[in-house]
Amino acid sequence: MTNEQNNHQDAKNEQLNAFKNSNQGEKLSTNQGAKLSDTSQSLTAGERGPTIMEDFHFREKMTHFDHERIPERVVHARGFGAHGYFQPYESMKELTSAKFLQDPSVKTPVFVRFSTVVGSRGSADTVRDVRGFATKFYTEDGNFDLVGNNMPVFFIQDAIKFPDIVHAIKPEPDNEIPQASAAHDTFWDWVVQNRESAHMIMWLLSDRGIPRSFRMMEGFGVHTFRLVNDQGKARFVKFHWKPLLGTHSLTWDEAQKIAGKNPDYHRQDLWDAINNGEYPEFELGIQVIEENQEFDFDFDILDPTKIWPEEQIPVKIIGKMTLNRNQDNFFAETEQAAFHMGNIVPGIDFTNDPLLQGRLFSYLDTQLLRLGGPNFHEIPINRPIAPVHNNQRDGFHRMTINKGKVAYSPNGLQNNDPQTSSFAEGGFEHYQEKVDGYKVRKRSESFKDHYTQAALFYNSMSEHEKRHIHKAFHFEVGNVKDPKIKQQVVEMFSNVSHTLANEIAKGVGVEPPQSNNQEPQVSPSPALSQLQTTFSSNTRKVAVLLADGFKNKELQEMMTTLRNNDVHVEIVSKTLGKLHSDQNEPVDVHKNYSTTHSVMYDGIFVPGGKQHVDQLMTHKEAKDFIKDTFAHAKTIAASNDAVELFSTVLPQNSQLATKQSNNEMFNDHGVLTIQSEQLQDFSQTFLEQLAQHR
Ligand code: HDD
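All figures in this text were calculated on a predicted structure; none of them were measured in a lab.

## Regarding helix α11 (residues 463-478)
Three- or four-residue spacings in an α-helix give side chains the same orientation, since the helix completes a turn every 3.6 residues. The end-to-end C-alpha distance of α11 is 22 Å, a good match for the 22 Å that 16 residues give at a rise of 1.5 Å each. Of the residues making up α11, those classed as buried are E465, K466, I469, H470, A472, F473, E476 and V477. Buried residues of α11, viewed axially, fall in a sector of 160 degrees; they line one side. Across α11 from its buried face, at more than 90 degrees, point the exposed residues E463, R467 and K471. In the core, the buried residues of α11 are packed alongside α4 (185-193), α5 (198-204), α10 (452-459), α12 (483-493) and α13 (498-508).

Now the structure itself:
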């Protein structure tokens, strides 16, 4: 890579560096730079007297503190960001003039913010919700913001309904309950009144609503955009992010328990992965439709409640994003990041999707309130690396010192500087689409089919994924108090699938569907099932349950295989400190049963050693750990003496042994056992099973 390319990748970092400040080795001062002799005692009249007005330091410190919060985002309040870069695999010149998609050797800096939608800033990470996936590309042509979600469709077709759906899904206004949840009356009342939400509800109540990690979820631009090339030729496009680790989810029971054990689970996971050098990677994919094919499909390509099935319109992978740097300051970077659909670059353009059109208004508007005025683009995280020159001036917190008298155009005094640029010179020109119509408040007939793709999603799920959807309905709709709404949900989803509607009715205690709705006839789209994803043990976490007197050889063999394959291993025991093997070899305990829980791991291993196993038999927490991991269908392995522990703890029907090779036993419940001191093959099998996720 040439220096120039390196510079481009680092340009954003260098820009941020200019604003960074560290207190290390420095003297304490006021905001005006006066050094201070004391910051822990107010200035008072006498040692026991009142505080004196003159105490400028007290007043400055207190005033700043009193003003240190800004409004949280009205939606997507809870989020976490990271820096990285994007690199195209090949030139996309044929399709777009966007500079960051031209040259595979150019790395464009990015900042990504992942978020939940409904919960407030302090809510838990693992709630059932849509996840935001917002990417700011700092391109040499200006910032391009791809503000997407981990689901490819949306609840509504028209942005004017956004305040309604958000009011319905947020905590109810009289008592502000429930937090970060759609499981309440106002949301489901809204759903049954807004049938266009059917498809999105299927995604939300599927495993996609409870991702295992930000690193293991897809991202979607949702809307149909345009790519425009140098010749001005346009095509319709949808954007996809595909995680290299595959798309994986928690179970609902895990998600709920993790929310209590570690509400920061997802941000911790992202932070740790980047600190460990395990950089999350996402490939950028595009689906392209030629302009003359706009009406070739049985859905309207401008409808944001519809996907373009991948089997019909394949996803072409065009580049990769790598997140390789954690932020230095959460507030300065993640909290002040201002995404906006209107941050666009030449080569990409909008379409008439009515949801997209409305979003183009809302994002700029919300930043004005949240960040306190029109100069939020000057906050370091939001600054483009491209030069900024225009006649916009003044306003709260203006940083730029614009020189000269001329702040208008056209002007004669400055020969019209700053000059506009033609399309050929890289000036943004809106795509000249011919539009002709009456002013109406009316949705096109082509947007009216709300159930076919909801059925497509449901029918494309595997049996266990369908079961999870049924259970999610039982929880979400089961929490609705009004029986009328529950019945309406059953009737609504009988338009998607009778099986689904009957399952919902059974679980929430209302009548089976009364209406005789037709189920849409669809053939499945395999790409929708998470069974089709990539499976890898990379960066997974394994707990080793231990007490004094374990067999160190077994422990070390397993740990070596796992660690050599980028699996994280933590030793969990009743107390912190050191444990000793039957030969008195010491090992450090990483977590005790109070500071962790089985839901924090993807698998467990218990080595042999009679004394150690006898002790575990008496540790209720160890037995619960094993039972829980088994119940969550994760891989669990025991060697030698520990096999008996599993037989005691696990339900009888879990049948520890089905297949036998080299004394190694494995069953389809994910339980692995061995009666041998040679664990090399065994640890490989464990690794392979771990990669299967469950
Ligand atoms: Fe939105 C934030 C994604 C529809 C109005 N939205 C926001 C964020 C994401 C999305 C990821 C968080 C950005 C960040 O991390 O700071 N929103 C979506 C997607 C949508 C969508 C994928 C449908 C395809 N949004 C949508 C509509 C409207 C908004 C229809 C209003 C017309 N969204 C906002 C907002 C937010 C926002 C109020 C809150 C905070 C912010 O913008 O910066 O303007």
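## Some words on the pattern of salt bridges
One pass over the full model with this rule turns up 43 salt bridges. With a shortest N-O distance of 2.9 Å, R212 and D602 are connected by a salt bridge. Of this pair, R212 sits in the loop between α5 and β5 (219-220) while D602 sits in the loop between β15 (591-592) and β16 (603-606), and the two are 390 residues apart along the sequence. For D602, a relative accessible area of 7% gives the class buried.

## What about the site of the ligand?
Taken together, 24 residues form the shell around the ligand, and within it R73, R113, R359, Y363 and Q367 come nearest. The side chain of R359 places a nitrogen or oxygen atom 3.2 Å from a nitrogen atom of the ligand. A distance of 3.2 Å is found between an oxygen atom of the ligand and a side-chain nitrogen or oxygen belonging to S362. Elements represented by at least two residues in the shell around the ligand include exactly β3 (131-139), β4 (142-149) and α9 (354-370). When the residues that make up the shell around the ligand are grouped by side-chain class, the tally is 12 nonpolar, 9 polar and 3 charged.

## Points about the coordination of the iron atom of the ligand
Among protein atoms, the single one acting as a donor to the iron atom of the ligand is Y363 (OH), 1.8 Å away. Along the chain, Y363 turns up in helix α9.

## Looking at helix α17 (residues 641-649)
For α17, the set of buried residues is A642, V643, L645, F646 and V649. Across the axial projection of α17, the buried residues extend over an arc of 155 degrees, all falling on one side.

## Digging into the environment of D207
Looking at the element boundaries, D207 is found in the loop between α5 and β5. By relative accessible area, which is 10% here, D207 ends up buried. Taking C-alpha positions, D207 is 25 Å from K481, a pair spaced 274 residues apart along the chain. Non-local contacts of D207, meaning those with residues more than four positions away in its chain, are made with S249, E465, H468 and Q530.

## Looking at the environment of A198
Inspection of the secondary structure puts A198 in helix α5. Spatially, the C-alpha atom of A198 lies 7.7 Å from that of F155, the residues being 43 residues apart in sequence.

## Details of the pairing of strand β6 (residues 225-228)
With burial as the criterion, each face of β6 is covered, one bearing F225 and L227 and the other bearing R226 and V228. Where β6 and strand β7 (residues 234-243) come together, 4 bridges link them in antiparallel fashion. By the bridge assignment, R226 is partnered in β7 with F236. If you look at the hairpin formed by β6 and β7, you'll find 5 residues sitting between the two strands, and G232 has a positive phi there, around 85 degrees. By the bridge criterion, 2 bridges tie β6 to strand β10 (residues 348-349) in an arrangement that is antiparallel. From the neighbouring strand, R226 faces β10, where its bridge partner is D349.

What counts and what doesn't
- Residues numbered from 1 in each chain as written.
- Predicted model: local features only at pLDDT ≥ 70, side-chain atom pairs only at ≥ 80, totals over all residues.
- Heavy atoms only, no water.
- Helix = DSSP H or I, 4+ residues; strand = E, 2+ residues; numbered from the N terminus.
- Expected span 1.5 Å × (residues − 1).
- Buried < 20%, exposed > 50% of the residue type's maximum accessible area, 1.4 Å probe, protein only.
- Arc of directions from axis to C-beta.
- Contact = heavy atoms within 4.5 Å.
- Salt bridge = Lys/Arg side-chain N within 4 Å of Asp/Glu carboxyl O.
- Near = heavy atom within 4 Å.
- Polar contact = N/O pair within 3.5 Å; in protein donor to acceptor, adjacent residues only side chain to side chain.
- Nonpolar A, V, L, I, M, F, W, Y, C, P; charged D, E, K, R; others polar.
- Donors = N, O, S within 2.8 Å, 3.2 Å for Na, K, Ca; no water.
- Pairing = 2+ DSSP bridges.

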